[in-house]
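Residue-level listing of the chains:
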Amino acid sequence: MAAPALLVRAEPGFTLPAFERLAPPPAPELLAARIEAHSAPGDIVLDLHGRGGWVARSAVDHQRRALTLESNPLTRLLAELVLRPPDLRHLDAAFSALGSSPRGDTSLRLAIGDLFATRCPTCGRMLALDELIWEQAADGPAHPVRRLFRCVVCRDQQGGGEARHADPDEADILRAAEDPARDAVRRSLRDRFPIPEGGESLPDQLLGLHTSRQLLGLSLILDRIESDLRAAPLEAALRLGFLHAVLPASRLNPYPGRVGGLRISGGRIKPPTAGQWRERNPWLAFEDGFRLVRAFVQRLEGGAQGALQARLGDDLRALGEGAATAVARVGGPTALRALAGESREASRSGLRPRVRLVLGQPPLRPSQERLSFAYLATAWTLGRDAAAGLPVDALVGPAIRAPWGWQATALRRSLEAVEPLIARDGRVVLLLESGGAEALAAAALGGSAAGFRVVAARLAEAEEEWGGLVELLPPGAVGPHGPRTRAGSVLPSLPGDAGDPQIVPGPGLFAPAERIDSRPFSEGDAARSVTETAVQILRARGEPARTDRLVGEIVVGLDRAGHLRRLVAGEGSRHDQDEPGDEVDDAPTDADRLTDADADADRPDAGGFGAASSGARRRGTHPRTGAWTSSSPARWSEGGRVGAAGGVRGRQPRVPVPDPVERLVALVRDELSRPGNGRLTEIEPERWWLADRQDADQAANPLADRVEWAVYSLLSTAGPLAEAAFFERIAGLFSGHDLPDEAIVRACLQSYRSLASTPDGLVTSEDLLRRSADHAELVALLAEGGHRAGFNVWIGRREQSRTVRGRRLSEYLDERERNAYLPLIARAPSEDLQALSCIWYVRGRATILWELKWTAMLGEPLLRRGSRIPNDDQLVRFLAFAPERTELIRHKLERSPLLRAALEDGNWHLLKWNHLSSWLAADRPDLSELESLLGLDPVAERSGEQIPLF
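Quantities reported herein were computed from a predicted structural model and do not represent experimental measurements.

A.B. asks: What's the story with the overall build of the protein in this structure? I'm lost.
C.D. replies: Helix and strand content of the protein: 36 helices and 31 strands. With 950 residues in all, the protein has 55% of them scored as buried. Taking the contacts inside the protein whose residues are at least 6 apart along the sequence as the reference set, 72% of them involve residues at least 24 apart. Taken as a whole, the protein presents about 39600 Å² of accessible surface, with 49% of it coming from carbon and sulfur.

In structure tokens, the structure reads:
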């Protein structure tokens, strides 16, 4: 079993700059880990909301077959390049041929350069401008103020750089005022943009971002890309290079500064705010874009997956027969219906390919900036037909404010459509990008509404470069086994056994959604489940947990108890149970514009911008829009609802339906922080622990201590172990609610690995027998030193049988000390005192407790045994530890407020073994001399620090 993605160090995925905000990709390491964990060679891996073919690329690289439904036409274009990167020599040749293609009496590159011709003021040579800087006057038109160009002759003859600048001359001003882009050019470019109703001027506004000669230059490049016949990967690379030239060759390229974003709202473009902007030569902008694409292809070929070449097929049958390794389509209702039809046809022919793993990211929530850029980029790069698949009508309305419920609805529709294709032992893994608890809840609710079961959910730690994950099982699937840790499993290992009275036993361990009765959702019952689940998780971990860590497990617990399914069913019934006399506002909402059934039913889906729609009423959705929430920007008044257009609709005000995602997150947070919750306490901001003493006593050993012992055991028994194999083994030992964060695993590894370790061979220099002998020797020194210091001495019961220097440790005590009645030495349970390493005491005057640890496992001495020994004015405690554990102890103290509080409340003093041995070597150890030796960074170790001069 491969290491779960949660224990994989994930770096952000790389992509082209235009897609960093439009469709950021998942980390390749996360994809590889999940593909290895949940599928086998030859299985089909499906990505429902592709971001450029990255999931498919990783699947093909691991000998799987891949089916990706891309979010929009632009990501489908990127997928062509990602799945079949062209040879760099062929790519260079294609670009060179495009630039040298004939244009009248000259080439395309020179013809565009002639539009930007200028004369060098120094040598008089005619050149092509790089940029012409324009300045917008406050009360008049813009005018050129500076020109930037390159002159090789001046560089060679006069020295200095090649780049030059000067004021524009009269010829530059006249040439800039010309209009070489005639009406035919503008008409052909305008026809590339689908026109939304009410936004008839929008294409002209977008073209107005470019000067006339820029429009002509871009049009010439685009015509040559679309008219020449070349391989699909080469054409995709050139189109993507052109995409990266559109905004730099526009008024959105300010001077100075970086290229700005595009925002369209109410059918109007938000004008640039900069006073100066660059008129960039479009051919030079295209060259820059091509260099970006070329570097991207080079990085693809030089990555861990190498020069991968997928064999693209047209349909599911091509994957089933093995002729193709990947199928890439633009997603949407049409694509999902076609997929279902291909599945039925394959089953009739006896060949029924099954999807083993659905892997990817949830659909991107729409935003005004993302939709604006997609509209511009798709129309310029791919044309009108491709851009028509976007919800362009949303550009003429108010700014889009898509709620989290929109994402849940879109995900539910996709999962419902592909559920028949998923094998019963398949898995759905959704890698969250960002959004915190809301993103996790949206994915869980979307899966639950589609009849899937939530078996794992977790948000990433703050230092991790990803958002988290949600793992789903299809209806009727068999549940996973429980964790295999020293603590055992506190939570039920089978979700079907989690105590939901509505689940009727069936042939599988998971009952499908239709086997659940119609008991309504109860916030009180759900709140009790939140507390019970949180308590069980904390007891299982044995240490405090942050809210982000608890939220995922709580959502899993709510699903096991049936609350998520009742919640989404209740959201649907809110709409379906409207009284006939109620007036509903029919003004278009944001959800209407993004999910309108009539508009989207027969066209490619907009992916990250518009969800797959269905005209029929679905479980948990609005009967008309299919959305779970009323997110209209409308206002409310006494007489009725004021729609977005301003008209009063209806006679009775209607209460907006709350977003179920926000409702779920609020329920969890409110229950955790409820003042009357006697079982949970917030010991630090956003960090929770058990308030009830009985719950705390039943808690397992701290997870950090169990991880530490597992790390040492692996390193000491497995021989030289590669780092990847090490993390895989740790992931097999700890899973679910016991899964540790990466930081504690690496801290333990760093503490126990030897200096001879390499990433390919981890070993440890620790030896259990040697450490046991060192421990016994130090106990003997404590006994001898205590006697010299004038104390009576007690040695722990389990220590007394050990032999040091030919004598049992019990022989270091006289008969009176061996038979001492410990509760008279300290008011504590006798078994706890007997477990201590050593005790110095003068009855009735002073007692010193000594704990010796060669590990950093502090839970037992500080939290368990230490908490049962009450404080006393005459009681002092010392915890002596091996100096090699210093940094690990520091890490554990920083991450655990319980340990820090136990150290302070119990009057514990930290002391390293080497300092303790030196102090005990004195003729009469003086306690006052210990002060400079105490702590993780004792004063004695800092005596060699250089004294600052000032």
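A.B. asks: Just to check I follow, could you spell out the environment of Leu238 for this structure?
C.D. replies: Tracing the sequence through the fold places Leu238 in helix H12 (residues 232-246). Judged by relative accessible area, which is 0%, Leu238 ranks as buried. Sequence separation between Leu238 and Leu98 is 140 residues; the distance between their C-alpha atoms is 9.4 Å. Excluding its chain neighbours within four sequence positions, the residues that come into contact with Leu238 are Ala94, Phe95, Leu98, Ile225, Arg230, Phe286 and Phe290.

A.B. asks: Honestly, the sheet that holds strand S28 (residues 838-842) in this entry has me stumped. Any pointers?
C.D. replies: Hydrogen bonds along the backbone pair up the strands of a sheet, which may run parallel or antiparallel. Here 5 strands make up an open sheet; going across it, the order is S25-S28-S29-S30-S31 and the pairing mixed. If you trace the sheet from one side to the other, it starts and ends with strand S25 (792-795) and strand S31 (908-912), each paired once. Here the strands of the sheet are splayed against their neighbours by 20° on average, with no regard to which way each runs. The pairing of strand S30 (residues 875-881) with S31 spans 5 bridges and is parallel. Within S31, the residue paired with Leu879 across the bridge is Leu910. Along the sheet face, helix H36 (residues 913-920) touches S28, strand S29 (846-853), S30 and S31 and points at about 90° away from the line of S31.

A.B. asks: Even after reading the chapter, I still don't get the nonpolar core, so can you show me in this structure?
C.D. replies: Side chains that are nonpolar tend, in soluble globular proteins, to be buried together. Within the largest apolar cluster, 108 residues are counted, with the highest numbers of intra-cluster contacts made by Leu206, Phe286 and Trp380. Broken down by element, this core gets its largest block of residues, 9 residues, from H12. In this structure Trp380 touches Leu189, Arg192, Phe193, Leu207, His210, Leu215, Leu218, Leu222, Phe242 and Val246, once residues within four positions along its chain are discounted. If you look at the next biggest cluster of nonpolar residues, it comprises 70 residues, including Val418, Leu558, Val661 and Leu690.

A.B. asks: How should the side chain of Thr211 be read in this particular structure?
C.D. replies: As for its placement among the helices and strands, Thr211 is situated in the loop between helix H10 (202-207) and helix H11 (212-227). Accessibility expressed as a relative area gives 10% for Thr211, which makes it buried. Among the polar contacts listed, one links the side chain of Thr211 to the side chain of Glu279, at a separation of 2.8 Å. Beyond its immediate sequence surroundings of up to four residues, Thr211 is in contact with Trp277 and Glu279.

A.B. asks: For this particular structure, what's the right way to read the sheet that holds strand S23 (residues 680-684)?
C.D. replies: Read from one edge of the open sheet, 3 strands run S19-S24-S23, paired in antiparallel fashion. The open sheet is flanked by strand S19 (545-546) and S23, the only strands paired with a single partner. Where S19 and strand S24 (residues 687-690) come together, 2 bridges link them in antiparallel fashion. For Ala545, the partnering residue across the bridge sits in S24 and is Trp688.

A.B. asks: How do you make sense of the packing of helix H4 (residues 73-83) against helix H16 (residues 368-382) when you look at a structure like this?
C.D. replies: Between two packed helices, what matters for the description is the angle formed by their axes and the separation of those axes. Here H4 crosses H16 at 55°, and the two axes come no closer than 9 Å. Between H4 and H16, the angle is such that the two are oblique. For the pair formed by H4 and H16, the contact residues are Pro73, Leu74 and Leu77 on the first element and Ala374, Ala377, Thr378, Thr381 and Leu382 on the second. The residue inventory of the contact of H4 with H16, partitioned by class, reads 6 nonpolar, 2 polar and no charged.

A.B. asks: I would appreciate a short explanation of H12 in the present structure.
C.D. replies: Since there are 3.6 residues in each turn of an α-helix, residues three or four apart along the chain are aligned in direction. Its 15 residues place the ends of H12 21 Å apart at the C-alpha level, agreeing with the 21 Å of an ideal helix rising 1.5 Å per residue. Counting buried positions along H12 yields 13 of 15 residues, so the element is predominantly enclosed.

A.B. asks: Whenever I open this one, the side chain of Arg329 confuses me. Can you help?
C.D. replies: Residue position: Arg329 is located in strand S14 (residues 326-330). Discounting chain neighbours no more than four positions away, the residues touching Arg329 are Thr68, Leu69, Glu70, Arg76, Asp314, Asp315, Leu316, Ala335, Ala338, Leu339 and Glu342.

A.B. asks: What should I look at first to understand the pairing of strand S1 (residues 44-50) in this one?
C.D. replies: Remark: a regular strand shows side chains that alternate across the two faces of the sheet. Of all 7 residues in S1, 7 are buried, a share of seventy percent or more. Here 3 bridges tie S1 to strand S15 (residues 355-360), and the two strands are oriented parallel to one another. Residue Leu46 lies in a different strand from S15, and its bridge partner there is Val358. Judged from the 5 bridges that link them, S1 and strand S2 (residues 65-70) form a sheet pairing that is parallel. Following the sheet pairing, Gly50 is matched in S2 by Glu70. Following the chain from S1 across helix H3 (residues 54-61) to the adjacent parallel S2, one finds a crossover that is right-handed.

A.B. asks: Teacher, can you tell me more about the environment of Leu132 here?
C.D. replies: Along the chain, Leu132 turns up in strand S7 (residues 131-136). The buried category is assigned to Leu132, whose relative accessible area is 1%. In sequence terms Leu132 and Pro168 are 36 residues apart; their C-alpha atoms lie 8.2 Å from each other. When residues no more than four places from it in sequence are discounted, the contact partners of Leu132 are Pro144, Arg146, Arg147, Pro168, Ala176, Arg213, Trp277, Arg278 and Glu279.

A.B. asks: How should unusual backbone geometry be read in this particular structure?
C.D. replies: Most peptide bonds take the trans configuration, and most residues that are not glycine carry a negative phi. With an omega of -10°, the peptide bond between Tyr255 and Pro256 qualifies as cis. Relative to the helices and strands, Pro256 resides in the loop between H12 and strand S10 (264-265). In this model, Arg805 sits at a positive phi of 55°, which is unusual for a non-glycine residue. For Arg805, the position within the fold is in the loop between strand S26 (803-804) and strand S27 (807-808). Among the residues examined, Arg805 registers a relative accessible area of 47% and is labelled partly exposed.

A.B. asks: How should I be thinking about the pattern of salt bridges in this particular structure?
C.D. replies: Two side chains of opposite charge can pair, provided their charged atoms sit close to one another. Going through the model one piece at a time under the given rule, you end up with 66 salt bridges. Put simply, Arg280 and Glu131 hold a salt bridge, and the shortest N to O gap is 3.4 Å. Taken together, the residues span a long stretch of sequence, with Arg280 in strand S12 (residues 276-280) and Glu131 in strand S7 at a distance of 149 residues. The two residues Arg280 and Glu131 agree in class, both being buried.

A.B. asks: Looking at this structure, I do not really get the pairing of S29. What am I missing?
C.D. replies: Counting buried positions along S29 gives 6 out of 8 residues, so the element sits mostly inside the fold. Counted between consecutive antiparallel strands, the loop separating S28 from S29 contains 3 residues, among which Gly844 sits at a positive phi close to 85°. For S29 and S30, the ladder comprises 7 bridges, and the chain directions are parallel. Paired with Leu849 across the two strands is Arg877, which belongs to S30. Between the parallel elements S29 and S30, the chain passes through helix H33 (residues 859-864) in a crossover that is right-handed.

A.B. asks: Explain the packing of aromatic side chains to me, please; I cannot follow it from the model alone.
C.D. replies: The way to describe two aromatic rings as a pair is by their centre distance and the angle between their planes. Applying the stated criterion across every chain, the model contains 20 aromatic pairs. Each ring, one from Trp54 and one from Phe296, has its centre 5.9 Å from the other, and the planes form 90°; the classification is edge-to-face. With Trp54 in helix H3 and Phe296 in helix H13 (residues 282-302), this residue pair connects regions lying 242 residues apart in the sequence. Comparing Trp54 with Phe296, the two get one shared label, buried. We note Arg885 situated over the ring of Tyr752; from NZ or CZ to the ring centre the distance is 4.1 Å.

A.B. asks: What's the story with the confidence of the model for the protein in this structure? I'm lost.
C.D. replies: Summarising the model, the protein shows a mean pLDDT of 83, and 83% of its residues fall at 70 or more. Within the protein, strand S20 (residues 635-637) has the poorest average pLDDT of any element, 26, and H12 the best, 96. Below a pLDDT of 50 lies the segment residues 1-6, which in the model reaches 23 contacts outside its immediate sequence neighbourhood of four places, other chains included.

A.B. asks: Is there a simple way to explain helix H30 (residues 768-788) in this structure?
C.D. replies: With 21 residues, H30 should reach 30 Å at 1.5 Å per residue; the first-to-last C-alpha distance of 30 Å fits that figure. For H30, every residue scored as buried is listed here: Arg771, His775, Ala776, Leu778, Val779, Ala780, Leu782, Ala783, Gly785 and Gly786. If you follow the buried residues of H30, they end up packed against S25, S26, S28, S29 and H36. Capping the start of H30, Asp767 holds a side-chain oxygen 3.2 Å from the backbone nitrogen of Leu769, two or three residues further along. Count one or two residues on from H30 and you reach Gly790, which has phi positive near 90°.

A.B. asks: Looking at this model, I keep getting lost on the environment of Glu941. Mind explaining?
C.D. replies: Examined against the element boundaries, Glu941 turns out to sit in the segment after H36. For Glu941, a relative accessible area of 39% translates into the label partly exposed. Put simply, Glu941 and His915 are 26 residues apart on the chain and 9.8 Å apart in space, counted from C-alpha to C-alpha. Residues in contact with Glu941, not counting those within four places in the same chain, are Lys912, His915 and Leu936.

Scoring rules and cut-offs
- Residues numbered from 1 in each chain as written.
- Predicted model: local features only at pLDDT ≥ 70, side-chain atom pairs only at ≥ 80, totals over all residues.
- Heavy atoms only, no water.
- Helix = DSSP H or I, 4+ residues; strand = E, 2+ residues; numbered from the N terminus.
- Buried < 20%, exposed > 50% of the residue type's maximum accessible area, 1.4 Å probe, protein only.
- Contact = heavy atoms within 4.5 Å.
- Areas by Shrake-Rupley, 256 points an atom, 1.4 Å probe, with all protein chains shown as cover.
- Pairing = 2+ DSSP bridges.
- Axes fitted to C-alpha atoms, helices over the stretch in contact; angles between N-to-C directions.
- Core = buried A, V, L, I, M, F, W, Y, C linked by side-chain atoms within 4.5 Å.
- Polar contact = N/O pair within 3.5 Å; in protein donor to acceptor, adjacent residues only side chain to side chain.
- Parallel < 35°, antiparallel > 145°, perpendicular 65-115°, else oblique.
- Nonpolar A, V, L, I, M, F, W, Y, C, P; charged D, E, K, R; others polar.
- Expected span 1.5 Å × (residues − 1).
- Right-handed = clockwise from strand over helix to strand, strands pointing away.
- Salt bridge = Lys/Arg side-chain N within 4 Å of Asp/Glu carboxyl O.
- Phe/Tyr/Trp six-rings, centres within 6.5 Å; stacked < 30°, edge-to-face > 60°.
- Lys NZ or Arg CZ within 6 Å of the ring centre and 35° of its normal.
- pLDDT = per-residue confidence, 0-100.

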